[in-house]
Amino acid sequence: MFKIILVAILSISLYAKEHVIDQLGRKFIPAQVKVKVGDTLRFTNSDPFAHNAYTDDVLNEFDTGMQTKGQSAVVPIKAKSSFTVQCAVHPEMLLKVTVE
Ligand SMILES: [Cu+2]
């Protein structure tokens, strides 16, 4: 039983992927991403001013708060869904996330 649990944990960590999303030039780069449950999104602010990343998706709701220059924030993908991530500072910044 313990062995089975251990293998399950190992395989989750082996296949979970971190998707790096750059916040640069008032854009999320890339502007769309396909992910799987268990993956993470890493938002990195490469602009000299503050950004944010949040979604109102009921299944994957998150809010990175204010990210100053160079700051990174990691959020988990918890459930199958399709949703849009926005920046609270710049409403024109959009990232389309598809969870397969
Ligand atoms: Cu922004």
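Preceding this paragraph is the structure being described.
What counts, and at which threshold
Residues numbered from 1 in each chain as written. Predicted model: local features only at pLDDT ≥ 70, side-chain atom pairs only at ≥ 80, totals over all residues. Heavy atoms only, no water. Core = buried A, V, L, I, M, F, W, Y, C linked by side-chain atoms within 4.5 Å. Buried < 20%, exposed > 50% of the residue type's maximum accessible area, 1.4 Å probe, protein only. Helix = DSSP H or I, 4+ residues; strand = E, 2+ residues; numbered from the N terminus. Contact = heavy atoms within 4.5 Å. Phe/Tyr/Trp six-rings, centres within 6.5 Å; stacked < 30°, edge-to-face > 60°.

### As for the nonpolar core
Then comes step 1: Core analysis: the biggest nonpolar cluster contains 17 residues, and Phe-28, Leu-41, Phe-43, Phe-62, Val-85, Leu-95 and Val-97 have the highest contact counts within it.
Then comes step 2: Of all the secondary-structure elements, those providing two or more residues to this core are strand S3 (32–35), strand S4 (40–45), strand S8 (82–86) and strand S9 (94–99).
Then comes step 3: Each residue touching Phe-62, except ones within four places of it in the same chain, is listed here: Leu-41, Phe-43, Ala-53, Tyr-54, Thr-55, Val-75, Phe-83 and Val-85.

### Observations concerning the packing of aromatic side chains
Then comes step 1: Counted under the stated rule, the structure contains three aromatic pairs.
Then comes step 2: Measuring from ring centre to ring centre gives 5.8 Å for Phe-28 and Phe-43, while their planes differ by 65 degrees; the resulting arrangement is edge-to-face. Pair noted here: Phe-28 is in strand S2 (residues 27–29) and Phe-43 is in strand S4, with a separation of 15 residues, a long-range link. Each of the two residues, Phe-28 as well as Phe-43, counts as buried.
Then comes step 3: When the centroid spacing of 6.5 Å and the interplanar angle of 75 degrees are considered together, the rings of Phe-62 and Phe-83 count as edge-to-face. Residue Phe-62 is found in strand S6 (residues 62–63), and its partner Phe-83 is found in strand S8; the two are separated by 21 residues along the sequence. No difference in accessibility class separates Phe-62 from Phe-83, as the two residues are buried.
Then comes step 4: Members of the aromatic cluster, connected to one another through ring pairs, are Phe-28, Phe-43, Phe-62 and Phe-83.

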